[in-house]
There are 2 protein chains.
Amino acid sequence: MGDVSGERCAVVTGGAGAIGGVLVRALLDQGASVTVVDNLSSGRLENVGTANAHPKFRFVQADLRDAASIDASFRGATEIWHLAANPDIRRGTAEPKLDLEFGTIATFHVLEAARRHEVGWIGFSSSSVVYGLPTVFPTPEEYGPLLPQSQYGAHKLASEAMISAFCHSYGMTGTIYRFANIIGPGMTHGVIYDFLKKLERDPTRLEVLGDGRQAKSYLWTADCVSGLLLGREKARRPIDVFNLGTETQVSAGEIARKVVAACGGSARIEMTGGERGWIGDIPRQLLSTQKIRALGWTPRLGSEQAVDQAIATLQAELGPH
Amino acid sequence: MGDVSGERCAVVTGGAGAIGGVLVRALLDQGASVTVVDNLSSGRLENVGTANAHPKFRFVQADLRDAASIDASFRGATEIWHLAANPDIRRGTAEPKLDLEFGTIATFHVLEAARRHEVGWIGFSSSSVVYGLPTVFPTPEEYGPLLPQSQYGAHKLASEAMISAFCHSYGMTGTIYRFANIIGPGMTHGVIYDFLKKLERDPTRLEVLGDGRQAKSYLWTADCVSGLLLGREKARRPIDVFNLGTETQVSAGEIARKVVAACGGSARIEMTGGERGWIGDIPRQLLSTQKIRALGWTPRLGSEQAVDQAIATLQAELGPH
């Protein structure tokens, strides 16, 4: 079917996640109808906020591992935003089947549904971790070799590869976005969330995995979504790849100090030591964003501002402790 | 268990294929015991030749999609050569599930078996097609972005990515070999095989898909296997990637002329036109092999010699027509 009526019909997998919710509202603002497909394993419907009452919004609780259960949701779609994934990199290391199933196999089912229903475009939330341990900073999109460290990264790259093959073989257009650390309201994982949770359990000390010098770039969710929408608008056939991040970094140690300060400043920070926080961790991450900037994108917040804002937001969400 | 006794115990998936058979004999020559795991869908036990009677040779007919059926074969293994795949790129375009199952899922099961049985090393037959349509020739291992054109290429890249994650996470060592077109005795697919089969059906004309100018490099099976063994010998932790090919090319048109000449020279060559032979075809392929050459590898035959020898060999195998 596809774009017969000229109306935009978006499917957002993982649309009940922290990034998905912001994207859903932005798509509705642009006049699109939106179907969220989410299994609510880590997503929460409150992330879509006011969108839930919008006449053009539809929510389908379904598991992407089950191809039959998602098929009908893709009928009539003109664009797919495939954001769903296992959000917990460390859990994937303990149970590698998780990322195979919620990564590669889920993406395959989404692509097959897209092909069946002749959906013209697919956007995919990939990750900086596909670069493995890069030796070039900021890392550009054409960096190689791509040797991911984690199961999560492996199945992000596998999904990219399948999207590329589908776009080249079946006339679809794809846009791959490789995310830095995206932070904002509604987060349920990540370093800031972990630190706040640890302090909630024990306000006297904060354990930091690694030596605290792991330095990464952080991007505010709303800035990420403006990049997603621009990439969609400027999509080139058959496929395009964009890094999305800020070109500044914040270290894990700095985030720990900021979180401790925000919580009253009395906790002792204890580093466990070692270059990496955990197996599969990438100690240094900084993406070149020249390509998407050249199309006119500029993030409103730098890494440090995004971190500050995320700490304040999350602290409010988690409530007093 | 792993390498407790100091004895080399190799598992070769797809060991009944045209490359596998040569590798199996070479491993036995090096004193290793060899277990071939093959579903015989395209492989044939005669490809291992005399190895079949060797006391250290064992053959297990099993399907890599079924994790339980292959597990026991990996017990006590010290090295895994994972060569099995769907060999037909074009069939994968028509049925994308084939490469998901015989590519990514099969590789995942092999990796999980390797992890369970603490196998120290895995070698993987990847392909030049992971480079998609490269813009640099000869293409080096660090080329990016990796945007495969075919399902086959997508799942080769997906398998590479999973191997990388397993090696980084669980202490295994991996060697990824990206193959040019490997040709030699026992082939059951590929351009030379296709041309000979077409002439068998109709000796008056030979249809060439595309404009005949698709130019690729060809590597003789025995040269490929000497590269595989050298890569194993020099394996670096946690993972290494090597291109394997010759740095000369032969065009599809030249191969057509050679095949027609070998068959008596009377067939008319008809090009179907277009830059590519078929959806997912890569019109130009030339790999940089500097990295493996620096370790001391030199192929005995160039592309043209390999093609000539393959035509003669295959003609003899297919019998008079």
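Cut-offs applied
Residues numbered from 1 in each chain as written. Chains lettered and ligands numbered in written order. Predicted model: local features only at pLDDT ≥ 70, side-chain atom pairs only at ≥ 80, totals over all residues. Helix = DSSP H or I, 4+ residues; strand = E, 2+ residues; numbered from the N terminus. Contact = placed C-beta atoms within 7 Å. Least-squares fit on C-alpha atoms with pLDDT ≥ 70 in both. Axes fitted to C-alpha atoms, helices over the stretch in contact; angles between N-to-C directions. Parallel < 35°, antiparallel > 145°, perpendicular 65-115°, else oblique. Left-handed = near helix turned anticlockwise from the far one by under 90°. Nonpolar A, V, L, I, M, F, W, Y, C, P; charged D, E, K, R; others polar. Pairing = 2+ DSSP bridges. Expected span 1.5 Å × (residues − 1). Bend = angle between axes of the 7 residues up to and from the residue. Buried ≥ 20, exposed ≤ 12 C-beta atoms within 10 Å, placed from the backbone. Right-handed = clockwise from strand over helix to strand, strands pointing away. Domains from an automatic or database assignment.

1. As for the environment of alanine 84 of chain B
- As for its position among the elements, alanine 84 of chain B is in the loop between strand 4 (79–82) and helix 3 (89–94).
- Leaving out residues up to four positions away in the same chain, alanine 84 of chain B has contacts with Thr13, Gly14, Asp38, Leu64 and Ala106 of chain B.

2. A few points about the relation of the copies chain B and chain A
- Structural alignment of chain B on chain A gives an RMSD of 0.0 Å, achieved by rotating through 180 degrees and translating 0.0 Å along the axis. Viewed as a symmetry operation, the transformation between the two copies matches a two-fold axis. Looking at the rotation axis and the C-alpha trace of chain B, the residue lying nearest is alanine 158 of chain B, at 2.0 Å.
- Comparing contact sets, 100% of the residues at the interface of chain B also lie at the interface in chain A, consistent with an isologous, same-surface contact.

3. Let's talk about the packing of helix 6 (residues 191–201) of chain B against helix 10 (residues 303–318) of chain B
Residues and elements named next belong to chain B.
- The contact between helix 6 and helix 10 brings their axes to 10 Å, and the two run at 45 degrees. With respect to each other, helix 6 and helix 10 are oriented oblique. Helix 10 is crossed by helix 6, and the crossing has right-handed handedness. Of the residues in helix 10, those touching helix 6 at Ile192, Tyr193, Leu196 and Glu200 are Val307, Ala310, Ile311, Leu314, Gln315 and Leu318.
- Per-class residue counts for the contact of helix 6 with helix 10 are eight nonpolar, one polar and one charged.

4. Some details on the sheet that holds strand 2 (residues 33–38) of chain A
Residues and elements named next belong to chain A.
- Pairing in this open sheet of seven strands is parallel, and the strands run 3-2-1-4-5-6-11 from one edge to the other. The open sheet has two edge strands with one neighbour each: strand 3 (57–61) and strand 11 (239–244). Direction aside, the axes of adjacent strands within the sheet are offset by 15 degrees on average.
- For strand 5 (residues 121–127) and strand 6 (residues 173–179), the ladder comprises seven bridges, and the chain directions are parallel.

5. Quick look at the interface of chain B and chain A
- Between chain B and chain A, the contact holds 30 residues from the first and 30 residues from the second.
- Of all the secondary-structure elements, those providing two or more residues to the side of chain B that touches chain A are helix 4 (97–116), helix 5 (151–170) and strand 11 (239–244) of chain B.

6. Digging into helix 4 (residues 97–116) of chain A
All names here are of chain A.
- For helix 4, built from 20 residues, the straight-helix expectation of 28 Å at 1.5 Å per residue is met to within 8% by its first-to-last C-alpha distance of 27 Å.
- Its axis deflected by about 30 degrees at alanine 106, helix 4 carries its strongest bend there.
- With 14 of its 20 residues buried, helix 4 lies for the most part within the structure.
- Positive backbone phi, at 50 degrees, marks glutamate 118, one or two positions downstream of helix 4.

7. Notes on the pairing of strand 1 (residues 9–13) of chain B
Residue and element names in this part refer to chain B.
- Most of strand 1 is tucked away: five of the five residues are buried.
- Neither face of strand 1 is exposed, since Cys9, Val11 and Thr13 on one face and Ala10 and Val12 on the opposite face are all buried.
- With five bridges connecting them, strand 1 and strand 2 (residues 33–38) associate as parallel partners. Its bridge partner being in strand 2, alanine 10 is matched across the sheet by valine 34.
- Between strand 1 and its parallel partner strand 2, the chain crosses via helix 1 (residues 18–29), and the hand of that crossover is right-handed.

8. Concerning the packing of helix 4 of chain A against helix 5 (residues 151–170) of chain A
Residues and elements named next belong to chain A.
- Where helix 4 contacts helix 5, the two axes come as close as 8 Å, and the packing angle between them is 15 degrees. Put simply, helix 4 runs roughly parallel to helix 5. Considering how the two elements wind past one another, helix 4 and helix 5 form a crossing that is right-handed. Two secondary-structure elements touch here, helix 4 through Asp99, Leu100, Gly103, Thr104, Thr107, Phe108, Leu111 and Arg115 and helix 5 through Gln151, Tyr152, Ala154, His155, Lys156, Ala158, Ser159, Met162, Ile163, Phe166 and Tyr170.
- Looking at side-chain class alone, the contact of helix 4 with helix 5 contains 10 nonpolar, six polar and three charged residues.

9. What to know about the sheet that holds strand 1 of chain B
Residue and element names in this part refer to chain B.
- In space, the seven strands of this open sheet follow the order 3-2-1-4-5-6-11, with parallel pairing throughout. Either end of the sheet is taken by a strand with one partner, and the two such strands are strand 3 (57–61) and strand 11. The sheet shows a mean angle of 15 degrees between the axes of neighbouring strands, taken without regard to direction.
- Where helix 4 meets the sheet, its contacts fall on strand 1, strand 4 and strand 5 (121–127), and the angle it forms with strand 4 comes to roughly 180 degrees.
- Strands in contact with helix 5 are strand 5, strand 6 (173–179) and strand 11; relative to strand 5, the strand with the most contacts, it is inclined by about 160 degrees.

10. What to know about the pairing of strand 4 (residues 79–82) of chain A
Residue and element names in this part refer to chain A.
- Residues Glu79 and Trp81 point to one face of strand 4 and Ile80 and His82 to the other, with burial holding for every one of them.
- Where strand 4 lies against strand 5, four bridges are found, and the strand directions are parallel. Bridging from a neighbouring strand, histidine 82 pairs with phenylalanine 124 of strand 5.

11. Re the domain arrangement of chain A
Residues and elements named next belong to chain A.
- Domain boundaries assigned for chain A yield domain 1 (9–182 + 220–244) and domain 2 (185–217 + 247–285 + 300–312).
- Just the C-alpha atoms count here: the centres of domain 1 and domain 2 sit 26 Å apart.
- In this assembly, 21 residues from domain 1 lie in contact with 19 residues from domain 2.
- Sorting the residues of the side of domain 1 that touches domain 2 by element identifies helix 1 (18–29), helix 3 (89–94) and helix 7 (221–233) as the ones contributing at least two each.

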